[in-house]
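Reading the structure
Spelled out from the first residue to the last, the chains are:
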Amino acid sequence: MTQHAQSLFADHAFLPDGWRRNVLLEWDAAGTLTTVKADTSAPDGVARAAGPVLPGMPNLHSHAFQRAMAGLTEYRANATDTFWSWRELMYRFAARISPEGLAAIAQWLYIEMLKAGYTSVCEFHYVHHMADGERYANAPELMQRVVDAAQRSGIGMTMLPVLYQYSGFGSQAPRDDQRRFINTPDSLLELLRTVRDVRPESAALRYGVAPHSLRAVSEASLRTLLSGLDAISADAPIHIHIAEQTAEVDACLKTEGARPVQWLLDRFDVDARWCLVHATHVDEAETAALATSGAVAGLCLTTEANLGDGVFPAQAYLDAKGRIGIGSDSHIGVDWRSELRLLEYGQRLTRRQRNVLASADATHVADRLFAASLDGGARATGRAVGALQAGRQADWMVLDAAHPAIAEHAPDAWLSGVVFCEHGDTPVLDVYAGGDKLVENRRHRDEEPAYARYRAALAELLKN
Ligand code: NGQ
Ligand code: ZN
């Protein structure tokens, strides 16, 4: 029997209209799906998926270096530990990252993402310079290392170089421990142009920008950045941290006279190009306006829980047809299943109800949240991903049909089992990105050497 490398037949696959039977997937050499056909018969010799096929999930928010500090800040260092005291520890960590260390950490992280079924990542990259704040001889050195790590792992990437200019509202001068992050709009755009020349865009790689937060840019610098970006690529994605902490909302109200989301919506043409990460603290009017804007709310539930951020009003926002996507952010968890579960559980715990994020026409919470995060996550990447559909990237995960979370269940309960049940090994068996089978039987093709390099980098970082 001949095995066609460019096609796969699945007994069950999750298409834009839900679970379908007998699906043929075909893709081209660029890793783009050319055929997605349900209710068909298997061509002779076609490779068969080992189980049900789900589209790969985009991870819309990552700070790769923070993977190496996961689990190392879970002790009390102050009478009251908060996001802000965590940030001090994070800055100390960021000060120690070397180009080689970052390369090893990012590659291992992206392998972990792939194993979980994340097939795209948006990297919100802000450690740009040497420890003393000087430019590297090759200015985009660190960005390039991260792009290379993505390419080596096989994950699709949206690289978002971050503009970090100020330390707080009102254009406050940067702090000393932020010096590795600092740029002007022009120097950031220059970094972007340079890295784009040496690592050009492709189906698997896209560039955008990320103003870090309203704390870190001014209205004027944000305008300069965005018009510079338009000159490079008029539809490139724009991501920003927006309203994660109540202290940031209060400071914005005080200096700017408006809450952060409202301030941004009032002054900028916020549309589907935008991803507002941690739109956690929004009032009713902001929730409705954000939903109408078409922007994606970037939700990073495990990190937001870990940092004590607060709970996003997901029910009102989804009912207003707001777009969402999920991100693993600080990488305290690298599994889309935990993000979706926690999105619902935050609502259950605060409202003392069940199945809060279901709707009349989408009664299964997991199915609704999965489909919404695929759609919003794909938009946030600015790439053609997020669906088993001709023209999109050939990105998917194959589930283990014998896994205790789904075995003997009917297809309409599979996503519920995958998202809400935890029983040992992940149910994700094989993962493809851009048509390449990168994970087979729960193992990534490079995981042993990549993990060894990650451990060496971690040992180096943790050495006194
Ligand atoms: C970051 N992380 O840039 O890594 C931020 C913390 C800040 C999260 N917001 C720093 N989760 O917002 O100032
Ligand atoms: Zn972030």
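Look up: the structure comes first, before these words.
Turning our attention to the overall build of the protein chain. Scanning the protein chain for helices and strands turns up 14 helices and 17 strands. The C-alpha radius of gyration of the protein chain comes to 21 Å, within 12% of the 23 Å expected for a compact globule of 464 residues. Overall, the C-alpha framework of the protein chain stretches about 65 × 50 × 45 Å when taken along its three principal axes. Within the protein chain, the fraction of its 464 residues that count as buried is 59%. Excluding contacts between residues fewer than 6 apart, the proportion of contacts in the protein chain whose partners are at least 24 apart in sequence is 73%. Distance between charge centroids for the protein chain: 2 Å, based on 45 positive and 58 negative side chains.

So, on to the pattern of salt bridges. What the rule picks out here adds up to 32 salt bridges. Of the charged contacts, one joins R223 and E219 as a salt bridge, the two residues approaching to 3.0 Å between their closest N and O atoms. Remark: E219 and R223 occur in helix α5 (residues 219-232); sequence separation between them is 4 residues, near one turn of the helix. The exposure class assigned to R223 is partly exposed, which follows from its relative accessible area of 39%.

The next thing to look at is the pairing of strand β16 (residues 436-440). Bridge count for strand β15 (residues 428-433) against β16 is 3 bridges, and the pairing is antiparallel. From the neighbouring strand, V431 faces β16, where its bridge partner is V439. Connecting β15 to the next strand, β16, in antiparallel fashion are 2 residues, including G434 with a positive phi near 55°. Bridge count for β16 against strand β17 (residues 443-444) is 2 bridges, and the pairing is antiparallel. Pairing of E440 across the sheet is with R443, part of β17. Linking β16 back to β17 in an antiparallel pair, the connection comprises 2 residues, with N441 at a positive phi of about 55°.

Turning to the packing of helix α2 (residues 99-116) against helix α3 (residues 141-153), a few remarks are in order. Running from N to C, α2 and α3 cross one another at 35°; their axes reach a closest spacing of 8 Å. Helix-helix and strand crossings are classified by hand; for α2 and α3 the assignment is right-handed. Here P99, E100, L102, A103, A106, Q107, Y110, I111 and L114 of α2 lie close against α3, whose contacting residues are E141, L142, R145, V146, A149, A150, R152 and S153. A class-by-class count of the residues in the contact of α2 with α3 yields 11 nonpolar, 2 polar and 4 charged.

This part is about the site of ligand 1. Near ligand 1, the surroundings consist of 15 residues, among which R87, Y126, H212, R215 and E244 are the closest. Here a nitrogen atom of ligand 1 and a side-chain polar atom of D329 are 3.1 Å apart. Relative to its unbound accessible surface of 340 Å², ligand 1 loses 99% to contact with the protein. No other element matches the 4 residues that helix α1 (residues 83-94) contributes to the shell around ligand 1. Residue classes in the shell around ligand 1 are distributed as 5 nonpolar, 6 polar and 4 charged.

The geometry of two aromatic rings is summed up by the distance between their centres and the angle between their planes. Scanning all chains against the criterion turns up 20 aromatic pairs. Residues F268 and W274 carry aromatic rings whose centres are separated by 6.5 Å and whose planes lie at 50° to one another, so their mutual orientation is tilted. Of the residues examined, W274 reaches a relative accessible area of 3% and is grouped as buried. Judged by centre distance (5.1 Å) and plane angle (70°), the ring pair of F312 and Y317 falls under edge-to-face. Take Y317: its relative accessible area is 0%, and that puts it in the buried class. Of the aromatic side chains, those joined through ring pairs into one cluster are F14, W19, W336, F370 and W414. The side chain of R223 reaches across the aromatic face of F268, ending 4.2 Å from its centre.

Thresholds, definitions, all that
In this numbering scheme, every chain counts its residues from 1 along its sequence in written order. Here chains are named by letter from A upward and ligands by number from 1 upward, in the order in which they appear as written. Under the rules for a predicted model, residues below a pLDDT of 70 receive no local features and side-chain atom pairs below 80 are neither given nor counted, while totals for whole chains, interfaces and linings still include all residues. Derived side-chain values reflect all non-hydrogen atoms in the structure, with water molecules and hydrogen atoms excluded from consideration. The numbering of helices and of strands both runs from the N terminus, where a helix is a DSSP run of H or I of at least 4 residues and a strand a run of E of at least 2. The quantity called the radius of gyration is restricted to C-alpha atoms. Its globule counterpart is 2.2 Å times the number of residues to the power 0.38. Exposure is judged per residue with a 1.4 Å probe applied to protein chains only, and the accessible area is read against the type maximum: over 50% gives exposed, under 20% gives buried, and values in between give partly exposed. By the convention used here, residues are in contact when the closest approach between their heavy atoms is within 4.5 Å. Charged-residue counts in this description rest on Lys and Arg as positive and Asp and Glu as negative, His and the chain ends being excluded. Here the site of a charge means atom NZ of a Lys, CZ of an Arg, CG of an Asp or CD of a Glu. The rule for a salt bridge is simple: a side-chain nitrogen of Lys or Arg has to be within 4 Å of a carboxyl oxygen of Asp or Glu. At least two DSSP bridges between two strands are needed for those strands to be called paired. Angles here are taken between N-to-C directions and fall from 0 to 180 degrees, while the axes themselves are lines fitted to C-alpha atoms, restricted in helices to the stretch in contact. Crossing chirality is assigned from the near helix's rotation relative to the far helix, an anticlockwise turn below a right angle marking it left-handed and a clockwise turn marking it right-handed. Ten residue types, Ala, Val, Leu, Ile, Met, Phe, Trp, Tyr, Cys and Pro, are classed as nonpolar, four, Asp, Glu, Lys and Arg, as charged, and the remainder, Gly among them, as polar. Think of it this way: one heavy atom of a residue within 4 Å of a molecule or strand is enough to make that residue near it. Any pair of nitrogen or oxygen atoms within 3.5 Å is treated as a polar contact; in protein, a donor-acceptor pairing is required on top of that, and neighbouring residues in sequence qualify only through side-chain atoms on both sides. The Shrake-Rupley method, run with a 1.4 Å probe, gives the accessible areas here. Residue values count only the displayed protein chains as cover. The pairing test for Phe, Tyr and Trp rings, Trp by its six-membered ring, is centres within 6.5 Å, and the orientation test on the planes gives stacked under 30 degrees, edge-to-face over 60, and tilted for anything in between. Whether a charge lies above a ring is judged from NZ of Lys or CZ of Arg, which has to be within 6 Å of the ring centre and within 35 degrees of the ring normal.

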